[in-house]
Amino acid sequence: MGTAERVVFEHVSKRYPGTGTGNPGAVEDLSLEVPAGKICVLVGPSGCGKTTSLKMVNRLIEPTSGRILIGDTDVARRDVIELRRSIGYVIQQVGLFPHQTVGENVATVPRLLGWEPARQRARAAELLELVGLDPGRYAGRYPTALSGGERQRVGVARALAADPPVLLMDEPFGAVDPIVRERLQNELLRLQEELAKTIIFVTHDIDEAIKMGDLVAVMQVGGHLAQFGPPAEILANPASEFVARFVGADRGLKRLALVRVGELELREATTARPGEDAAAVRPRAAADSFPYVLLVDEANRPIGWLDERRIPASGPLVVDHAEAESPLFDRHTTLKDALSMLLEAGVQAGIVVGGAGAVEGLVTVEMIMERVRPA
Amino acid sequence: MIDWGWIADHIGAIAGRLGQHIELTAIALVVGFAISLALSLWSLRRPRAKTLVIGISGILFTIPSLALFAAFTSITGLSLLTAEIPLVLYTLVIYVRNMLVGLEAVPADVLEAADASGFRPRERLLRIELPLAIPLIVSGLRLASVSTIGLVTITSTIGDAFGGLGFFIKERPFFLTEVLVGAVGSIALALAADAAFARLQRRLTPWAAARTAVDPR
């Protein structure tokens, strides 16, 4: 894997002719530094210049003044084609090439760079694997045969194909439904633990910004940087009236988004397999203060809950005994999302699963409330 | 009613005229395609040029074919050019419109992704824009072939050296068998060309077929 590079904005402005500084998309004297390997989220209302700022990094838009450095080099001094091939780019509509297979789409930049076909294919397969798509099943498909979430994964794989030090993402998960979005966010965070790219991520959603960002830059219309810092600091000390309003009145609740499920001490789940003798399972359930047994399959993946009352007196447990599943969490799920999913499902506990879907433990509403209560 | 004997006696001449019909059509289709592609690519990102190209090719299409062949007879005589120039001119509006619509229908997000991936303008055109415009470009080819095959019969007015199957329509207008051979032959050729290009269209765009075959998940 290649190394990440810092990205620096130095007094960058973009003015559009005709109107003053209040015009949508303009950027006014933006200065900030994204350290190598960090995720910086640009967040703000529409027209605040966040997308313009992003597109100035790979020169889809040229700044009116100021400069942007990647590493120590001014991007304006680099060949624009070579520059773009060295920066990953992901957009909301994905922009997959409909006439190319998934494998060809992923290999876009390697092909432009003139890699050997065999190396292109191997790299595409590696990346599909990385984003959780089986290359054997997906590489030969056309984009129209994919779901929204799959398409977005392919978009991320394509952006990463040439191992760029910098990744630009413009509302990448804005077009998928909330459940898929939550999953894709978690996957990106998991990937980032491995890849440690410098990522600039644009969103209008403050919750997404708090969840994804190591650093958050709040921008306001006119292209002014209203505040720049770690999400916890922005939630704790909004720098202005605007930031406070943008962050919202429920800052206490939002702080839940700073903590992830993986940081909690998970409650152990009492589990059983189909076919086990009910008589042996009953006492186990009764011994636990949380009187439910989680039925799991041979790979320890959750099937459903057995209420103490629904466990037969004797005989083998069968799948039919299990009822309604809890929401599934991942180590990267924020407590805020977890609480919201629990309330939505009207249940007490959610199941934390690992990469392969195996049960790691439980998170209960009570455990989350504990974190909200001031110490 | 139909004089089968005449057909049997003239089978060689019919085959010859069929060959000529295909040849006159093919030349017009190929030359028209090349000119139209050049005009489309040149005017694609020049709005005023585009208005001009579409306008002029549209006006050309409104000129009655009889008049146009007659006009060129006085300029280029009884040469092949007299037949081909009007045939080519009539294909332009069909091709150009389909090519421009096809090229302009490439979604903005696809172009943005291509630019951001570092395609040079020429690479973007050849690898992204033109392939995605193929369904409409071939639609233009289908329409132009049908239209040109019909028009070739009119070239019989230039002289007996032209006309393809149209020669039989014009030679003895009151001899039903001969008129039918010319007319039915021309129609059958048009239908065959349309079907052949329709197949070509499907073969060139397996990804468009995948759209209809998208699995329901």
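Residues numbered from 1 in each chain as written. Chains lettered and ligands numbered in written order. Predicted model: local features only at pLDDT ≥ 70, side-chain atom pairs only at ≥ 80, totals over all residues.

### Quick look at the sheet that holds strand β7 (residues 166-170) of chain A
Residue and element names in this part refer to chain A. Taken together, the six strands give an open sheet; going across it, the order is β6-β7-β8-β3-β9-β10, and neighbouring strands pair in mixed fashion. Bordering the open sheet on either side are β6 (87-91) and β10 (224-229), each of which pairs with just one other strand. Along the sheet, successive strands turn relative to each other by an average axial angle of 15 degrees, direction set aside. Pairing analysis gives five bridges linking strand β9 (residues 215-220) to β10, with the strands arranged antiparallel. Paired with V216 across the bridge in β10 is G229. Contacts from helix α1 (residues 50-57) reach β3 (39-43), β6, β7, β8 (198-203) and β9, with the element oriented near 150 degrees to β8. (Pairing = 2+ DSSP bridges. Helix = DSSP H or I, 4+ residues; strand = E, 2+ residues; numbered from the N terminus. Axes fitted to C-alpha atoms, helices over the stretch in contact; angles between N-to-C directions. Contact = placed C-beta atoms within 7 Å.)

### A few points about the interface of chain A and chain B
Listed per partner, the contact involves 20 residues of chain A and 19 residues of chain B. A per-class count over the side of chain A that touches chain B returns eleven nonpolar, seven polar and two charged. (Nonpolar A, V, L, I, M, F, W, Y, C, P; charged D, E, K, R; others polar.)

### Considerations on the nonpolar core
Ranked by size, the top nonpolar core spans 136 residues in total, and within it V41, I200 and A217 of chain A carry the most contacts. Broken down by element, the residue count for this core peaks at twelve residues, all from helix α5 (residues 80-104) of chain B. The contacts of A217 of chain A, once residues within four sequence positions are left out, are L32, C40, V41, L42, L225 and F228 of chain A. The next biggest cluster of nonpolar side chains, apart from the first, holds five residues, and it includes L165, F168, I169 and V181 of chain B. (Core = buried A, V, L, I, M, F, W, Y, C linked by C-beta atoms within 7 Å. Buried ≥ 20, exposed ≤ 12 C-beta atoms within 10 Å, placed from the backbone.)

### Some remarks on the packing of helix α4 (residues 65-76) of chain B against α5 of chain B
Residues and elements named next belong to chain B. Orientation of α4 relative to α5, taken along the N-to-C sense of each, is 140 degrees, at an axis distance of 9 Å. The angle between α4 and α5 falls in the class oblique. Pair α4 / α5 crosses with right-handed handedness. Residue-level inspection shows S65, L68, F69, F72, T73 and T76 of α4 in contact with α5, the latter providing L81, T82, I85 and P86. (Parallel < 35°, antiparallel > 145°, perpendicular 65-115°, else oblique. Left-handed = near helix turned anticlockwise from the far one by under 90°.)

### Here's the deal with the domain arrangement of chain A
Residues and elements named next belong to chain A. As far as domains go, chain A holds domain 1 (7-250) and domain 2 (262-372). For domain 1 and domain 2, the distance between their C-alpha centres works out to 36 Å. Each partner contributes to the interface: domain 1 provides six residues, whereas domain 2 provides six residues. Counting only elements with at least two residues in the side of domain 1 that touches domain 2, the list comes to α8 (178-195) and α9 (206-212). Sort the elements by how many residues they give to the side of domain 1 that touches domain 2 and α8 lands first, with four residues. Partitioned by chemical class, the residues of the side of domain 1 that touches domain 2 number one nonpolar, one polar and four charged. (Domains from an automatic or database assignment.)

### Description of the environment of N105 of chain A
All names here are of chain A. Here N105 lies in helix α3 (residues 102-106). Among the residues examined, N105 registers 26 C-beta atoms within 10 Å and is labelled buried. Once the C-alpha coordinates of N105 and G155 are considered, the two residues, 50 residues apart in sequence, prove to be 8.3 Å apart. When near neighbours in sequence (up to four residues on either side) are disregarded, N105 contacts L96, F97, Q100, P143, V154 and R158.

### So, α5 of chain B
Taking 1.5 Å of rise per residue, 25 residues should cover 36 Å, and α5 of chain B covers 35 Å from first to last C-alpha, within 8% of that figure. The sharpest bend along α5 of chain B reaches about 30 degrees and sits at L92 of chain B. (Expected span 1.5 Å × (residues − 1). Bend = angle between axes of the 7 residues up to and from the residue.)

### Remarks on helix α6 (residues 108-117) of chain B
Taken residue by residue, α6 of chain B has V110, A113, A114, D115, A116 and S117 of chain B as its buried positions. Those residues of α6 of chain B that are buried are in contact with α2 (80-85), β6 and α4 (108-112) of chain A together with α7 (121-152) of chain B. One or two steps after α6 of chain B, the chain reaches G118 of chain B, where phi turns positive at roughly 90 degrees.

### Remarks on the sheet that holds strand β1 (residues 7-14) of chain A
All names here are of chain A. Here we have four strands laid out as an open sheet, ordered β2-β1-β4-β5, and antiparallel in their pairing. Of all strands in the sheet, those with a lone pairing partner are β2 (27-34) and β5 (73-74), marking the two edges. The pairing of strand β4 (residues 65-70) with β5 spans two bridges and is antiparallel. Across the sheet, residue I70 finds its bridge partner in β5, namely T73. Set on the sheet, α1 makes contact with β1, β2 and β4; between it and β1 the angle comes to about 120 degrees.

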